[in-house]
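Spelled out, the chains give:
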Amino acid sequence: MIDVQLSESPLDTAAIIASVQDERCGAVDVFIGTVRNQTKGKAVQRLEYEVYAPMALKVMREICAEAEERWNTIAIAAHHRYGVIETGDIAVVVSVSTPHRADAFAACQYIIDTLKERVPIWKKEFFDDGEVWVMPHA
Amino acid sequence: MIDVQLSESPLDTAAIIASVQDERCGAVDVFIGTVRNQTKGKAVQRLEYEVYAPMALKVMREICAEAEERWNTIAIAAHHRYGVIETGDIAVVVSVSTPHRADAFAACQYIIDTLKERVPIWKKEFFDDGEVWVMPHA
Amino acid sequence: MTIIIKFFALGRELVGANELHVDLPEKASVHDALERLQTEHPKLAQLPSFLVALNAEYAERNATLKNGDELAIIPPVSGG
Amino acid sequence: MTIIIKFFALGRELVGANELHVDLPEKASVHDALERLQTEHPKLAQLPSFLVALNAEYAERNATLKNGDELAIIPPVSGG
């Protein structure tokens, strides 16, 4: 089972975790990405995420399918928020259930690492004195 | 912050995750260990966990402190259930918040791997036709 | 033929539009579309780098376009 | 002196007790306590392996005991 979603409203971590649980599974690994209150020592007021939705969903599905092929997984959910997000809020949740735990860690880390490289989502940080599009790979 | 607990009642994953969240953190990794409905193809009816409580808490605290020393973590919670557990129920939750995600995965995986090696907790599986103490390292 | 070009994040701000409809000769490539774009919107050069997507998939610059295609300028992504 | 020996899981079932109070000569070691135990509870040999903990910490078998110490027989653990 692969479930990818984009959401403008807050992500419900408990529901996302519950959606991957399965009696065949001994392990669930969950990654939760939150908005830090500072970047390189500078206070962040809030973030805004922009998304190319149809492509983002397609790429997220591809990445989850790659993980599913590579590790022994039962269910994968990856939800990303967009729009305005306050510091401390959750921007992304990746949840993977597997029969055995090493697969859960490896698949979950692969998905979040690859999501950050390939999924067309952009983050703008708002500071007291300005705003900037974050460009990690520029 | 290190928080270790043993609990006879169901673990509240959402509360455990919330307890480690912090605005300095960009990442939380959570491992949830659940009771599978079968072992080597044989249907498991339920499990019973027995614990040497004072020592288990001490060893859990040591393991979390080792992770805290080795990786850049902000908060760590590790809760283990004991007593009778039905299949599908949660036996253990480890939750680690960090500024950066690689530390969250590494610390969380270290804690659950080491917990399974060192913490004095024992699992008995109940089948239709008998019961057995699980001995992974015997 | 006409193609749609979509812009996001810094690219959108530099061009001042979410999308443009651009007329191109038949069998034009992604590369041709980008040349046209850079001539008409020189500010796009301020994007440190970008990839392109064709109909919601990453594409090479020598890919051939057809009428109605959706081309997207993908600045360095920063999700998660 | 008297020490307490605690049993868990299969060890508890083989001995038929959660804990025993055992009298030992002064300066007896963990090893001495285990020898006594194995003589009085030969079924313990059915434990495929075990570690020992002294006052809730893993201990070596040559550790010296003192009055009131809590020794625990730790069968292979299986938490998580």
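Residue positions are given per chain, counting from 1 as you read along its sequence in written order. Key to labels: chains lettered from A, ligands numbered from 1, both in the order written. Owing to the predicted nature of the model, reporting of local features is limited to residues with pLDDT of at least 70; listing and counting of side-chain atom pairs is limited to 80 or more, with chain, interface and lining totals taken over all residues. Processing note: side-chain calculations cover all non-hydrogen atoms of the structure and skip hydrogens and water entirely.

S.K.: Explanation requested: the overall build of chain C in the structure shown.
M.R.: The numbering of helices and of strands both runs from the N terminus, where a helix is a DSSP run of H or I of at least 4 residues and a strand a run of E of at least 2. For chain C, the count of helices and strands is 2 helices and 5 strands. In chain C, the order of α-helices and β-strands from amino to carboxyl end is β-α-β-α-β-β-β. Just to be clear, the radius of gyration here is over C-alpha atoms, and the globule rule we use is 2.2 Å times residues to the power 0.38. Its C-alpha radius of gyration of 12 Å places chain C within 12% of the 12 Å reference for a compact globule of 80 residues. Referenced to the eigenvectors of the C-alpha coordinate spread, the extents of chain C come out at roughly 35 × 25 × 20 Å. Think of it in three bands: with a 1.4 Å probe and only protein chains considered, a residue is buried below 20% of the maximum accessible area for its type, exposed above 50%, and partly exposed in between. Sorting the 80 residues of chain C into buried and exposed places 51% on the buried side. When checking whether two residues touch, look at their non-hydrogen atoms; a contact exists if any pair is within 4.5 Å. Restricting to contacts in chain C with at least 6 residues of sequence separation, those with at least 24 account for 51%. Counting only carbon and sulfur atoms, one obtains 49% of the accessible surface of chain C, whose full area is about 3900 Å². For the charge count, each Lys or Arg is scored as positive and each Asp or Glu as negative, with His and the chain ends excluded. By convention, charge coordinates are those of NZ in Lys, CZ in Arg, CG in Asp, or CD in Glu. On chain C, the mean spot of the 7 positive side-chain charges and the mean spot of the 11 negative ones are 3 Å from each other. Surface accessibility in these figures is a Shrake-Rupley result with a 1.4 Å probe; residues are shielded only by whichever protein chains are displayed.

S.K.: I keep staring at the interface of chain A and chain C and nothing clicks. Help me out?
M.R.: How big an interface is tends to be expressed through the accessible area that disappears when the partners come together. Counting residues at the interface gives 26 residues for chain A, matched by 24 residues for chain C. Summed over both partners, the accessible surface that disappears when two parts come together, traced with a 1.4 Å probe, is what is meant by buried area. Across the chain A/chain C interface, buried area totals approximately 2000 Å², and carbon plus sulfur atoms make up 61% of it. When the buried surface of chain A facing chain C is broken down by residue, Tyr52(A), Trp122(A) and Met135(A) rank first, second and third, together holding 32% of it. For this document, the term salt bridge refers to a Lys or Arg side-chain nitrogen within 4 Å of an Asp or Glu carboxyl oxygen. On inspection of chain A and its partner chain C, the count reaches 3 salt bridges. A salt bridge links Lys58(A) to Glu57(C); the shortest N-O distance between them is 3.6 Å. Any N or O atom pair separated by 3.5 Å or less is treated as a polar contact, with the protein-specific requirement of one donor-capable and one acceptor-capable atom, and with residues adjacent in sequence counted only for side-chain atom pairs. Our count for the chain A to chain C interface comes out at 14 residue pairs in polar contact (both at pLDDT 80 or more).

S.K.: Explain unusual backbone geometry here, please?
M.R.: Among all residues save glycine, negative phi is the norm, and among peptide bonds the norm is trans. Look at Lys27(C): it is not a glycine, yet its phi comes out positive at around 65°. In the Ramachandran plot, Asn55(D) falls in the positive-phi region, its phi being about 50° despite a non-glycine side chain. Positionally, Asn55(D) belongs in the loop between strand S3 (51-54) and strand S4 (57-59).

S.K.: What should I look at first to understand the environment of Met55(B) in this one?
M.R.: The topology assignment puts Met55(B) in helix H2 (residues 53-70). In sequence terms Met55(B) and Ile121(B) are 66 residues apart; their C-alpha atoms lie 9.6 Å from each other. Every residue in contact with Met55(B), bar those within four places of it in the chain, is listed here: Pro120(B), Ala53(D), Ala56(D), Glu57(D), Tyr58(D) and Ile74(D).

S.K.: Can you walk me through the pattern of salt bridges in this structure?
M.R.: A pair can form between side chains of opposite charge whenever their charged atoms are brought close. Per the counting criterion, the structure on display carries 25 salt bridges over all chains. Of the charged contacts, one joins Lys124(A) and Glu13(C) as a salt bridge, the two residues approaching to 2.5 Å between their closest N and O atoms. Of this pair, Lys124(A) sits in strand S9 (residues 121-127) while Glu13(C) sits in helix H1 (residues 9-15), each in a different chain. Glu13(C) gets classed as partly exposed once you look at its relative accessible area, which sits at 36%. Ionic pairing is found between Lys6(C) and Glu19(C), a salt bridge with its closest N-O pair at 3.1 Å. Taken as a pair, Lys6(C) in strand S1 (residues 2-7) and Glu19(C) in strand S2 (residues 19-23) lie far apart in primary sequence, 13 residues in all. Note on Lys6(C): relative accessible area 19%, which makes it buried. By relative accessible area, Glu19(C) is classed as partly exposed at 33%. Each of Lys124(A), Glu131(A) and Glu13(C) takes part in salt bridges that share partners, so that together they form one network.

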